[in-house]
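Listed here are the chains, written in short residue letters.
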Amino acid sequence: MSGPDPGFRPLTLTELLQDGPLADIEVHGPVGAAVPVTAVRIVDRLAALDEVRPRSAVVLTAGAAAAAWTVEMALRKAWEQAAACVVVSREAGLPGSVAELAGRLGIPFLVVPGDPLDAARADRLRRRPPRGRAHRP
């Protein structure tokens, strides 16, 4: 098994929100998070929340975000696992209490206008060159 790629420098949540396609979404909880987002974890079933790694962006599918209590559970699990953020669709129609919980836990909660999987695909973690090296596409 090989070690981490020395040329990989993950984007921070702040950079994803300011510079990427995530710039037009609704954010609850802390917004100035300079937390590096090292992975994206698509969660389509609640049991998958136990497999979230630290600094992952947790993207809830429509099935996993079917009720407010499941999203609240995802927020709590993401907080326990030190995830970078939780992403959900606005179409889930969640009550304000979910956003309030994100604020209390101190975890960014991102609400996207469409399918959260589209947001995850559109802004996959990009590889950036280490400081001082030019990026070649």
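Before reading on, note that the structure itself is shown above.
Here is what the cut-offs are and how they apply
- Residues numbered from 1 in each chain as written.
- Predicted model: local features only at pLDDT ≥ 70, side-chain atom pairs only at ≥ 80, totals over all residues.
- Heavy atoms only, no water.
- Helix = DSSP H or I, 4+ residues; strand = E, 2+ residues; numbered from the N terminus.
- Buried < 20%, exposed > 50% of the residue type's maximum accessible area, 1.4 Å probe, protein only.
- Areas by Shrake-Rupley, 256 points an atom, 1.4 Å probe, with all protein chains shown as cover.
- Arc of directions from axis to C-beta.
- Contact = heavy atoms within 4.5 Å.
- Salt bridge = Lys/Arg side-chain N within 4 Å of Asp/Glu carboxyl O.
- Expected span 1.5 Å × (residues − 1).

A short note on the overall build of the chain
Alright, step 1. A tally of helices and strands in the chain yields four helices and five strands.
Alright, step 2. Going residue by residue from the N terminus, the α and β elements of the chain occur as α-β-β-β-α-β-α-β-α.
Alright, step 3. For the chain, buried positions account for 40% of its 137 residues.
Alright, step 4. Counting only carbon and sulfur atoms, one obtains 53% of the accessible surface of the chain, whose full area is about 7,600 Å².

Here's the deal with helix α3 (residues 96–105)
Alright, step 1. Where α3 is concerned, the buried positions are Val-98, Ala-99, Leu-101 and Ala-102. Mapping the buried residues of α3 onto a view down its axis gives an arc of 155°, with all of them on the same face. Exposed residues on α3 whose side chains face more than 90 degrees from its buried face are Glu-100 and Arg-104.
Alright, step 2. Where α3 is buried, its residues meet β1 (26–28), α2 (68–80) and β5 (109–112).
Alright, step 3. The positive-phi residue at the C-terminal boundary of α3 is Gly-106, with phi of around 75°.

Observations regarding the pattern of salt bridges
Opposite charge on two side chains lets them pair, provided their charged atoms get close.
Alright, step 1. Overall, the coordinates contain three salt bridges when judged by the stated rule.
Alright, step 2. In this structure, Glu-26 and Arg-90 form a salt bridge, with 3.5 Å as the shortest nitrogen-oxygen distance. Taken together, the residues Glu-26 in strand β1 and Arg-90 in the loop between β4 (85–89) and α3 connect sequence positions 64 residues apart.
Alright, step 3. The class of Arg-90 is partly exposed, set by a relative accessible area of 40%.
Alright, step 4. With a shortest N-O distance of 2.5 Å, Arg-41 and Glu-51 are connected by a salt bridge. Of this pair, Arg-41 sits in strand β2 (residues 39–43) while Glu-51 sits in the loop between β2 and β3 (56–60), placing them 10 residues apart in sequence.

A closer look at α2
Alright, step 1. With 13 residues, α2 extends 18 Å between its outermost C-alpha atoms, agreeing within 8% with the 18 Å of an ideal straight helix rising 1.5 Å per residue.
Alright, step 2. Listing the buried residues of α2 in full gives Thr-70, Val-71, Glu-72, Ala-74, Leu-75 and Ala-78.
Alright, step 3. Looking at the buried residues of α2, the elements they touch are β3, β4, α3 and β5.

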